[in-house]
Each structure stands twice: as structure tokens, then as C-alpha cells.
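# Close look at the chain arrangement
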Amino acid sequence: MYTEKINELFSSQLHDWELARTNYRQLEKVRTRKLDFGTFEVSVQFNPERMRSSAAKVDARSIGERPCFLCAKNRPQEQRGLSFDNRLTILVNPFPIFRRHLTVPSDDHIDQRIGNNLGIMLSLAKAMPSYTVFYNGPQCGASAPDHFHFQAGNKGFMPLENDFQNGRHTTLLFSEPGLEACKWKDYLRGIVTLKGSDREKLIRVFDRLFTGFSEIQPDRPEPMLNILVGYVSEYWIVHIIPRKQHRPAQFFMQGNDQLLISPAAVDLGGVIITPREEDFNRINKNDIEDIFRQVCFEESELDGLLNDIL
């Protein structure tokens, strides 16, 4: 279990690393507000330190012109980590959204790809059961699409986690020993969730979904996905959020029409990150509905895809 080791890492990093210490203290002052959609809520967080992520240039030229900030040789001298499975390193994220925010990059500089890597994500979630581990695809919010990595944050932060537990928005697709699959309804975002104790079955069903989504997005480096994984009492919960678009039209608008929001796993988990105060103050329910509709598959669209895949 890595929980104690991670707690020790946080304590030492916040003691020794001024940037991390300052930004975690600032997190206590971050402003939030909630928008009520009737049967669920979406939170909005004003977090100016996330500007570097939300506005990151992720085109090939920009990526090629900057050093990779996840490679060990380019990290801040103060940043230390924990080795995991001889493949990954668990790091304290110095620009947090969560009270406890981790970045978990590969030790090798390889592209951000989840194909054949769900297994290590499941292992990571099991090793840190008080965290939700999440993956942003290379065109779905990853600010380092050239370096394979996960992130993780303390459980209970994203509304989606509790909304799944109450069962109000999910309906069963199928079940078998060690595995259940369900889809979400009346939630503005098309989501598939797998729950089970059988690791191999989870990976097998995920691979079917991955292959199916790949076929409808053949021009992409991989199907556009955000994934959130938690481990609870001998079973995993895997939320899979297929995407249609990286950023909404509002991101590229000018003047008062612009909303500098670049949705990734946390946003689709129900916490919209706004690095600009004007966006925090102005964004409303209609904006959120429109953004979700642009970047996610709607339920009816996802139903048709699932019928073909599953």
C-alpha cells in the first residue's frame, strides 16, 4: 500500500519545496460555486494557477519546441517522487486542483496512449485507494501529450463519484460474475462505467470499447477518452468518457464571448476549472450544457455506438 509513502512524500515536499507549499496554501483560498441541474450539481473552481494547463499549446510544433516537463532531467530540482512498478514515478503536482494532487509520469519519454495500459492504471488505483486516478487523452486535456502519464486526486472531490454511488443516473448494460457495465442517463455527458473485481474482464471489456471507438475516430492517434478509476473494497470502478472534441468553440472566441475552458477528466467529473476570474463569475448552466454537448457524446449518440461495440 502506497498511502503512507504518499503521505510522507507530501509532507516532505510541502516542507522543502517552496513552489508546492505556496500553491497548496493558495488552494485553501480558491473560490468555488455550484450550479444545480436538478438531480446533480456541477462545481466551478476559480484557480488561476491552472492557466498553464488550460491554455497549454499542444500542437506538434509547440510540443517540439519546449523541453518535456515530465522527464526527470527537466523537473525542478526540489521535486522528488516514488517509484511505482519500475515504470512510473509518483510526484506531487505543484499546481493543484485537489487538496492532494499527484502526477504519475512514465519513466520513459513515450507518447500519451492508454491502449494496453489500463492494467497499470488499475494497479495504481488499487495501490492508492484514497485517490481517484485519471487519464486525459492526448487530445482530451493532457498538457503533455508527448509523455505518458496519469494524475490522481483525493476521492470525493468530483460530483461524478457520489452521483455514481447513488445510482440515480446509471442503468445496467450487462453483468456477469466479477463485472458490471452501465451507461449514464440524464447527465449531459455520455459515460460508460465498468465496476468489478475481475481485473482481466475489466481489461477485456475496455479493450472492446477502445477498439470500437478507434473505428469511429480512425484519424486520431487514439480514440478520444477521459478515464477515471477508483478502487473500493475489492473492486474497481472505471468511468470511461468518450470525446468528440478537444476544446469547445467558446475557447477560441474573442472578447466577452470567450470562455477559457479546456475540459479534461476533472471538468467532466463535475468540477469546471476556470483560470480566469471573469469566466468563473460569468459561466452559467447554459454554457456548461453547451460545452458538454460539444466535447462529449450525447446519450443517444453513445447508445448507438454501444449497440455496435457491445
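Just above, that's the structure.
What counts, and where the lines are drawn
Residues numbered from 1 in each chain as written. Predicted model: local features only at pLDDT ≥ 70, side-chain atom pairs only at ≥ 80, totals over all residues. Heavy atoms only, no water. Core = buried A, V, L, I, M, F, W, Y, C linked by side-chain atoms within 4.5 Å. Buried < 20%, exposed > 50% of the residue type's maximum accessible area, 1.4 Å probe, protein only. Contact = heavy atoms within 4.5 Å. Salt bridge = Lys/Arg side-chain N within 4 Å of Asp/Glu carboxyl O. Helix = DSSP H or I, 4+ residues; strand = E, 2+ residues; numbered from the N terminus. Expected span 1.5 Å × (residues − 1). Arc of directions from axis to C-beta. Pairing = 2+ DSSP bridges. Axes fitted to C-alpha atoms, helices over the stretch in contact; angles between N-to-C directions.

### Observations concerning the nonpolar core
- Ranked by size, the top nonpolar core spans 54 residues in total, and within it Ile90, Phe150 and Leu194 carry the most contacts.
- Contacts of Leu194, omitting those with residues within four sequence positions, involve Leu179, Glu180, Ala181, Leu202, Val205, Phe206, Trp236, Ile237, Val238 and Ile240.
- Judged by nonpolar contacts, the second largest core, of 34 residues, contains Val42, Ile237, Ile273 and Ile288.

### Focus: the pattern of salt bridges
- For the structure on display, the rule yields 13 salt bridges.
- Salt-bridge contacts for Asp16 lead to Arg80; the nearest nitrogen and oxygen are separated by 2.9 Å. With a gap of 64 residues between them, Asp16 in helix H1 (residues 3-16) and Arg80 in the loop between helix H4 (60-65) and strand S3 (81-84) connect regions that are remote in the sequence.
- On the basis of relative accessibility, which here comes to 41%, the residue Asp16 falls in the partly exposed class.

### Brief notes about H1
- Across its 14 residues, H1 extends 20 Å between first and last C-alpha, which sits within 8% of the 20 Å expected from 1.5 Å per residue.
- Among the residues of H1, those classed as buried are Ile6, Leu9, Phe10, Gln13 and Leu14. When H1 is viewed along its axis, its buried side chains cluster within an angular range of 115 degrees and face the same direction. Exposed side chains of H1 directed beyond 90 degrees from the buried face belong to Glu4, Ser11 and His15.
- If you follow the buried residues of H1, they end up packed against helix H2 (18-27), S3, strand S4 (88-92), strand S5 (101-105) and strand S6 (131-136).

### Concerning the sheet that holds strand S13 (residues 271-274)
- As summarised here, the arrangement of the three strands in space is S1-S2-S13, forming an open sheet in which the pairing is mixed. Each of the sheet's edge strands pairs with one partner strand only, and the pair in question is strand S1 (31-36) and S13. Adjacent strand axes in the sheet meet at a mean angle of 20 degrees, parallel and antiparallel pairs treated alike.
- Where strand S2 (residues 41-46) lies against S13, four bridges are found, and the strand directions are parallel. Bridged to Phe46 within S13 is Thr274.

Interpretation in functional terms is not warranted from these geometric data alone.
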